[in-house]
Amino acid sequence: MGTRHWFPSDGLTGGKMLLITLSMVALYASLANSAAVMSVDLGSEWMKVGVVSPGVPMEIALNKESKRKTPTTIAFRNGDRVFGEDAQTLGVRFPKNSFGYLLDLLGKTIDNPMVDLYRKRFPYYDIVEDPVRRTVVFRTGEEKFTIEELIAQLLQVAKSYAEDSTGQLITECVLIVPGFYGQAERTALVSAARLANLKVLQLINDYTAVALNYGIFRRKEINETAQYFMFYDMGAYKTSAAVVSYQLVKDKATRETHPVVQVLGVGYDRTLGGLEMQVRLRDYLGQEFNKMGKTKTDVFSNPRAMAKLFKEAGRLKNVLSANTEHYAQIEGLLDEQDFRLLVKREQFEELCKDLYDRVTAPMDKALAASGLALDVINQVVLFGGNTRVPKVQDILRTHIGQELARNLNADEAACMGAVYRAADLATGFKVKKFITKDAVLFPIQVVFDREGESGSTRQVRRTLFGSMNSYPQKKVITFNKHTDDFEFTVQYAELDSVLKGDTETLGSIDLARVKLSDVAKKLKSGVAENVESKGIKAHFMLDDSGIFSLANVELVLEKTVTKEEEDDESTFQKIGNTISKLFSGDSTDKPASEEKTTEGAEGKEEEESTSGKEEKDSEEEGKKSTKEKETDSGSKDAKQDGAGEETGKKVEEGTEAKNATVKPKIVTLKEPIPSKVELTYVAPLEGELFEASAKLLSSLDEVDKAKKRRETALNALESFVIDAQVKMDEKEYASCATGEEIDTIRKRCAEISEWLYEDGSDADAETYENKLEELRGVANEVYARHWEHQERPVALKALKQMINGSEGFLRSARNLTKDTNPEKDVFTAVEIETLEKAIRSTIEWRDTEVAEQEKLARNAPVRLTVKDITDRMGMLDREVKYLVNKLKLWRPKVKPTPPPKPEKKASGKEGEKEEASSEEKPDAEPVLEQTPEKDADETGSEEPTIDPTATKKGGEESGDHTEL
């Protein structure tokens, strides 16, 4: 009601309550301004959304049906767009308009084997080729949607669920991806997130997210000894296994010890999953229906019938996981013919017999990649929905010879691990550090041409990121044989050992072509008599999302500076060098993960390996971290035969050898080399194509907003009409309206109700809103009278309490005037009289207005409104608060110190004591009297935390003022 209450029991209570209120408002304001983040487990079949916001623990966001997971399905029909279960329902009737299981189509060209498999599983989709990028495009009627556009719309729905859950705007996220995603798939997913106006903090592999979640809740069990676990996942589309280790590791930089989870080995099967089982069961049911001969039409030729069979196969598969047999039944499957068939679990397992033979293969691949034996694995932990299939668990249990760990939430473990990572990466959150180290699944190498001594050109390959190398990681490769512009290629390496003949599913082997220019020009201008070229260094990076990039390319020169030249260097040059060092991007201490590879050394044409394992003649690998200091002397490691390009001795700046000549100083210089990177895999969605897709999604959003606005306006109008008709039949409301007003309201409601079911069924949102405002204009006058009659007693009761409190304060205040208490003359007679007059006038006004209002009928215009009462309360409140504040600020007058008597003079220690006593006495009383100032200034810095009990203590210390 907005009334203000004053409690007279303690004059200091109002100030402290105000302080607490303001503090709570500031707290909620700070929380509202903090940014929440989310994680999205965008699976092939289901989507889960994890959220975390300041002050709220990690949780799963609910969808509009209040469920914790949503089908990753989107459907279009007659300009409408629906998601989740609504899209699945629409997909049964119109299968060509409903799209699901989209995740494995990201980053694929139209001729990819995975696209062919998708077409085989869902033959009713109209899939065409993007004319520019050669990617997958779904066509439905006149509309076309790229795979990135469909995924972006699903991410928008996930974002809306997260925002509804947290009540905050969300712009940052961590997305979960399969570990076998290559560069094309990862960049395509990032482009889809950009379309959804989301900033991707990280793409985290699903098994890494699960391992992180597993370790978070078992932090106390992790120690300095490595513990090995295997995480086995069978989802809707694929199966994977990962071997990880947990260990406490001490950070060399911060000297802090943190738990680390590191991926050691990975194995996968990208076509083994619940979807393949469901498709086989669908086809079996279709064959059985055709055998029944209920209709001459082939069920496989009817998309709607196939969609019904697919849905029933999914339900039947889940039921057979817990039951030995169950009936498949569909009403009106084809040509109005019903279908009912008993299916036993043995029959289902026979259909998937060859699939069950592949269940253990990912586990064996992961163990082989990690180099560990099965007996050192502590536990095999299951996650993923299809690990609930009894046959799958039996096969795994038999294979490992021990019980399986099923203590994880198979559906939500990855999502919760990813949202923990999101909180760690986002600003505004402080979480316990838990370091993750993922592993490279597909090795990446650099390929370039090099001219030999005989003039022939040969191709050289250098592995940058080897199989199972941890990332994020940086690598450097040095080209020291090239003196003119050249180019090199970045591509996948050693795929046959990883993919076992399925290299086509990864798409293009080549990743990028890099062209370097101005090489000869830079060498000519940089190399001089005392300046030596140390080669062209290319810096590569594999970030924590597993996305490869070329950071920069530079020409490295070493300049020899003698003592005389160093002394001639001017002061301004030294200052300039210092500033350059401070603001350059070079770090004197490179990360331990950054490694360096040199193209070749003089007199050596053998191929070098980045890791140093392929050949013994690798020039720089493992000898020296890439430390490019301004005073670096370029260490001399001549382990290779005849190598002499990168020579020199490390010299400490400012040191001299005793009884020897001063050695020259070596200064490292860097010149950037222009480079042009051309991606050779599936082109990312960029430039004009991205803008066109963003415009399409924006138009779809506008249609959805208009639709939602229309539905909201229609529901509001219908609800108001029904509510008004009901209220006019109730005595409580009818008594507040005249007969003419009741007739008008009923007439207007009848007219609008009839219009809604006839001409108004297709009206727009603005028309509904205008009709509602018109009806409100008629009915609100009656509703306002009813509200006044209902709230007036509450307001009058509050006014009575305030009058009683004011009168009590007035009685106490009379004792604090000069006439009644000269020592505590807080208030003047005029102030007391003013408050007394305000109380008396308020009482007279109340009695008069209440009497006049009671004479009026309930349907007459209101005389005594709630606002009038609150205004009177405000006036009285101001008068009382003025005196209360004056009481807080009042201090007793300091009495003058009487002069010492001259005739009495004390001698010795007794006189000194009296003199000291007389000097201290005047100051003693003011100090004691000033102690309440601490209570008066309630907003001081001496109270860092708000203590609600401090109000009571302040009242007890106020002495004579307790009764106020």
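Where an unreviewed UniProt entry is consulted, the chain appears under the name Hypoxia up-regulated protein 1, with the organism given as Anopheles christyi. The record held by UniProt for the chain lists under Subcellular location (unreviewed entry) the comment "Endoplasmic reticulum lumen". Its UniProt record, at the heading Sequence similarities (unreviewed entry), says of the chain: "Belongs to the heat shock protein 70 family."

Chemist: Describe the overall build of the chain, and please don't skip the residues or the numbers.
Modeler: Looking only at helices and strands, the chain features 26 helices and 30 strands. Put simply, the chain has 964 residues, and 46% of those count as buried. In the chain, once contacts between residues fewer than 6 apart in sequence are set aside, the share between residues at least 24 apart is 71%.

Chemist: So what's going on with the packing of helix α21 (residues 765-814) against helix α23 (residues 866-889)? Residues and values would help.
Modeler: For the pair α21 and α23, the least separation of the axes is 9 Å and the interaxial angle reads 20°. Relative to α23, α21 is oriented roughly parallel. When you trace α21 past α23, the crossing you get is left-handed. Listed contacts from α23 to W787, E788, E791, R792, A795, L796, A798, L799, M802, I803, S806 and F809 of α21 are V866, I869, M873, L876, D877, V880, L883 and V884.

Chemist: Can you lay out the sheet that holds strand β19 (residues 435-439) for me, pointing to particular residues and giving the numbers?
Modeler: Two modes of strand pairing occur in sheets, parallel and antiparallel, and in both the strands are linked by backbone hydrogen bonds. On the basis of which strands lie adjacent, the open sheet formed by six strands has the order β18-β13-β14-β15-β19-β22 and mixed pairing. Looking at the sheet topology across the chains shown, the edges are occupied by β18 (377-383) and β22 (470-471). Here two bridges tie β19 to β22, and the two strands are oriented antiparallel to one another. From the neighbouring strand, D438 faces β22, where its bridge partner is Y471. Taken strand by strand, helix α11 (residues 361-370) contacts β13 (227-234), β14 (239-250), β15 (257-269) and β18, and its axis lies near 130° from that of β15.

Chemist: How would you explain the sheet that holds strand β5 (residues 73-77) if you had to name every residue and give the values?
Modeler: Across the sheet, three strands lie side by side as β6-β5-β7; this open sheet has antiparallel pairing. The sheet is open, and its two edges are formed by β6 (80-83) and β7 (98-100), each paired on a single side. Sheet twist, expressed as the mean angle between neighbouring strand axes with direction ignored, is 15°. Relative to β6, β5 runs antiparallel, the two sharing four bridges.

Chemist: Let's hear about the nonpolar core: which residues, and what values?
Modeler: Counting 183 residues, the largest nonpolar core has F138, I151, F231, F488 and F540 as the members making the most contacts within it. In this structure, F138 is in contact with F99, L102, L105, Y118, Y125, D126, I127, E143, K144, F145, I147 and L150, ignoring residues within four places of it in sequence. In this structure, L799, A813, A838 and L883 belong to the second largest nonpolar core, which totals 27 residues.

Chemist: Give a detailed account of the pattern of salt bridges, specifying residues and quantitative values.
Modeler: A side chain of one charge can pair with a side chain of the opposite charge when the charged atoms of the two come close. A complete count under the given rule lists 46 salt bridges for this structure. When the shortest N-O distance is used, the salt bridge between K707 and D80 registers 3.9 Å. One end of the pair, K707, is in helix α18 (residues 687-727); the other, D80, is in strand β6, and 627 residues separate them in sequence. Here E741 makes a salt bridge to R785, at a shortest N to O gap of 2.9 Å. Of this pair, E741 sits in helix α20 (residues 739-756) while R785 sits in helix α21, and the two are 44 residues apart along the sequence.

Chemist: I'd like a rundown of the packing of aromatic side chains, residues and numbers included.
Modeler: Given two aromatic rings, one states the distance between the centres and the angle between the planes to describe the pair. Applying the stated rule across the entire model yields 32 aromatic pairs. Summarising the aromatic geometry, the rings of Y101 and F122 are spaced 5.8 Å apart at their centres and angled 20° between planes, so their arrangement reads as stacked. Placement of the pair is Y101 in the loop between β7 and α3 (113-121) and F122 in the loop between α3 and β8 (127-129), with a sequence separation of 21 residues. A relative accessible area of 10% places Y101 in the buried class. Residue class for F122 comes out buried when judged on its relative accessible area of 3%. Seen from their ring centres, Y214 and Y246 are 6.4 Å apart, and the 35° between their planes marks the pair as tilted.

Chemist: Go over the environment of D762, please, and point to the residues and values.
Modeler: As for its placement among the helices and strands, D762 is situated in the loop between α20 and α21. Taking the relative accessible area as the measure of exposure, D762 reaches 72% and is therefore exposed. Separated by 52 residues in sequence, D762 and R710 have C-alpha atoms that sit 9.9 Å apart. When residues no more than four places from it in sequence are discounted, the contact partners of D762 are R710 and Y768.

Chemist: Tell me about empty space enclosed by the protein, and name the residues and values.
Modeler: All told, the structure shown has ten cavities of 30 Å³ or more when counted by the stated rule. Of the voids in this model, the second largest cavity is the one considered here, and its volume is about 130 Å³. Every residue lining the second largest cavity is counted, 15 residues in all, and those nearest its centre are Q183, V440, L441, F442 and G546. Tallied by class, the residues present in the lining of the second largest cavity amount to nine nonpolar, five polar and one charged. Mapped onto the domain boundaries, the lining of the second largest cavity takes at least three residues apiece from domain 1 (37-272 + 360-437) and domain 3 (442-562).

Chemist: Got a sec to walk through the packing of α20 against α21? Specific residues and values, please.
Modeler: Close contact between α20 and α21 brings their axes to 11 Å; oriented N to C, the two are set at 160°. One finds that α20 runs roughly antiparallel with respect to α21. Both α20 and α21 take part in a crossing whose hand is left-handed. Contacts between α20 and α21 pair E741, T744, I745, R748, C749, I752, W755 and L756 from the former with T767, Y768, K771, E774, L775, V778, A779, E781, V782 and R785 from the latter.

Chemist: Lay out the side chain of T360 with the relevant residues and their values.
Modeler: Topologically, T360 is positioned in the loop between α10 (353-356) and α11. When sequence neighbours within four positions are dropped, the list of residues in contact with T360 reads I395, L396 and H399.

Chemist: Account for α20, naming residues and giving values.
Modeler: The first and last C-alpha atoms of α20 sit 26 Å apart over 18 residues, in line with the 26 Å expected at 1.5 Å per residue. Tucked into the core, α20 has its buried residues touching α18, α19 (731-734) and α21.

Chemist: Describe helix α8 (residues 303-320), naming the residues involved and giving the relevant values.
Modeler: In this model, α8 (18 residues) spans 25 Å end to end at C-alpha, consistent with the 26 Å of a helix rising 1.5 Å per residue. Buried within α8 are the following residues: A305, M306, A307, L309, F310, E312, A313, G314, L316, K317, V319 and L320. Residues of α8 that are buried make contact with α2 (84-93), α7 (274-292), β16 (325-334), β17 (337-344) and α9 (345-351). The N-capping residue of α8, defined by a side-chain oxygen 3.0 Å from the backbone nitrogen of R304, is N302.

Calculation notes
- Residues numbered from 1 in each chain as written.
- Predicted model: local features only at pLDDT ≥ 70, side-chain atom pairs only at ≥ 80, totals over all residues.
- Heavy atoms only, no water.
- UniProt positions renumbered as here; feature names shortened; annotations may be inferred.
- Helix = DSSP H or I, 4+ residues; strand = E, 2+ residues; numbered from the N terminus.
- Buried < 20%, exposed > 50% of the residue type's maximum accessible area, 1.4 Å probe, protein only.
- Contact = heavy atoms within 4.5 Å.
- Axes fitted to C-alpha atoms, helices over the stretch in contact; angles between N-to-C directions.
- Parallel < 35°, antiparallel > 145°, perpendicular 65-115°, else oblique.
- Left-handed = near helix turned anticlockwise from the far one by under 90°.
- Pairing = 2+ DSSP bridges.
- Core = buried A, V, L, I, M, F, W, Y, C linked by side-chain atoms within 4.5 Å.
- Salt bridge = Lys/Arg side-chain N within 4 Å of Asp/Glu carboxyl O.
- Phe/Tyr/Trp six-rings, centres within 6.5 Å; stacked < 30°, edge-to-face > 60°.
- 1 Å grid on protein atoms, 1.4 Å probe; cavity = no way out; pocket = protein on both sides within 12 Å on 5 of 7 lines; lining within 4 Å.
- Points joined across faces, edges and corners; volume = space filled by probe spheres on them.
- Nonpolar A, V, L, I, M, F, W, Y, C, P; charged D, E, K, R; others polar.
- Domains from an automatic or database assignment.
- Expected span 1.5 Å × (residues − 1).
- Polar contact = N/O pair within 3.5 Å; in protein donor to acceptor, adjacent residues only side chain to side chain.

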